[in-house]
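One-letter residues, chain by chain:
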Amino acid sequence: DTILGLACFFIIFMNLVLDFMPPNLEEDLLNAFEQNEASEYFRLYQDQLSYSRSHNLLKQIGCIVIFGLFIRLNLYLALHPRLAIVVGTIGHATDNLIHFSIYCLLLGSLLLLIGLWMFSAEDPDFRTVGQSFLTLVKMILLLWQPPPLETLSVVKSVYVLVVVVTMVFFLLNFLLAIVVDAF
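Residues numbered from 1 in each chain as written. Predicted model: local features only at pLDDT ≥ 70, side-chain atom pairs only at ≥ 80, totals over all residues. Heavy atoms only, no water.

Another aspect to go through is the overall build of the chain. From N to C terminus, the chain includes six helices and zero strands. Along the chain direction, N to C, the helices and strands of the chain fall in the order α-α-α-α-α-α. What you see for the chain is a C-alpha radius of gyration of 25 Å, clearly larger than the 16 Å of a compact globule of 183 residues, by over 25%. In terms of overall dimensions, the chain has C-alpha extents of about 65 × 55 × 25 Å along its principal axes. Counting only residues that meet the buried cut, the chain has 22% of its 183 residues in that class. Pairs at least 24 residues apart make up 63% of the contacts formed inside the chain by residues separated by at least 6 positions. Carbon and sulfur atoms make up 72% of the accessible area of the chain, which amounts to about 13500 Å² in all. Charge centroids of the chain, computed over 8 positive and 15 negative side chains, lie 9 Å from each other. (Helix = DSSP H or I, 4+ residues; strand = E, 2+ residues; numbered from the N terminus. Rg over C-alpha atoms; globule rule 2.2 N^0.38 Å. Buried < 20%, exposed > 50% of the residue type's maximum accessible area, 1.4 Å probe, protein only. Contact = heavy atoms within 4.5 Å. Areas by Shrake-Rupley, 256 points an atom, 1.4 Å probe, with all protein chains shown as cover. Lys, Arg positive; Asp, Glu negative; His and termini not counted. Charge placed at Lys NZ, Arg CZ, Asp CG, Glu CD.)

This is how it looks when you write it as structure tokens:
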């Protein structure tokens, strides 16, 4: 608790320092224009890049601290008898959830590779691994907009059907069964 509390104060303090003391670009740019030297422009760029990197690092550390606070909040909620049901259910289901996650990861990776291999040449949604991953997630969340049916190939139709049936219907029901069983 002490470490997380100190980390919160550190993050807040450093965020205030970075927000109220950014690099003074207007004056520096005017000076650089007057001097008209490339080294001055590069120095300004380095200052801005350093400021941006510091800000991003602070955000990442802040995100880790907030996750720690989230875990701490869940542990505190376990002290109340009625709220302890949620924490207890998660504790009882942990082993099954880990195995379920491994299975989902393997199945999702296989479906991702199939989509990348089969459709990368013809469909921009599957051109790269990142695009294929986003398309697969959209399919799982039922947010993917398929092309018109007359342009959809039989292979892609079967692929979409397999993704929706296995990942949405079966695995979602397995997840619900794990949680209900642990409750």
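Next comes the rest of the account.
What follows concerns the nonpolar core. Within soluble globular proteins, side chains that are nonpolar tend to cluster in buried spots. Among the nonpolar cores identified, the biggest contains 20 residues, and Leu111, Leu136, Met139, Tyr159, Val163, Met167 and Leu171 are the most heavily contacted of them. Broken down by secondary-structure element, the contributors of at least two residues to this core are helix H4 (84-119), helix H5 (129-140) and helix H6 (154-182). The leading source of residues in this core is H6, at nine residues. If you look at the next biggest cluster of nonpolar residues, it comprises five residues, including Leu18, Tyr51, Leu58 and Val65. (Core = buried A, V, L, I, M, F, W, Y, C linked by side-chain atoms within 4.5 Å.)

Moving on, we come to the pattern of salt bridges. Summed over the entire model, instances satisfying the criterion amount to one salt bridge. Linking aspartate 123 and lysine 156 is a salt bridge whose minimum nitrogen-to-oxygen distance equals 2.2 Å. Of the two residues, aspartate 123 is situated in the loop between H4 and H5 and lysine 156 in helix H6; the sequence distance between them amounts to 33 residues. An identical accessibility class is assigned to aspartate 123 and lysine 156; each is buried. (Salt bridge = Lys/Arg side-chain N within 4 Å of Asp/Glu carboxyl O.)

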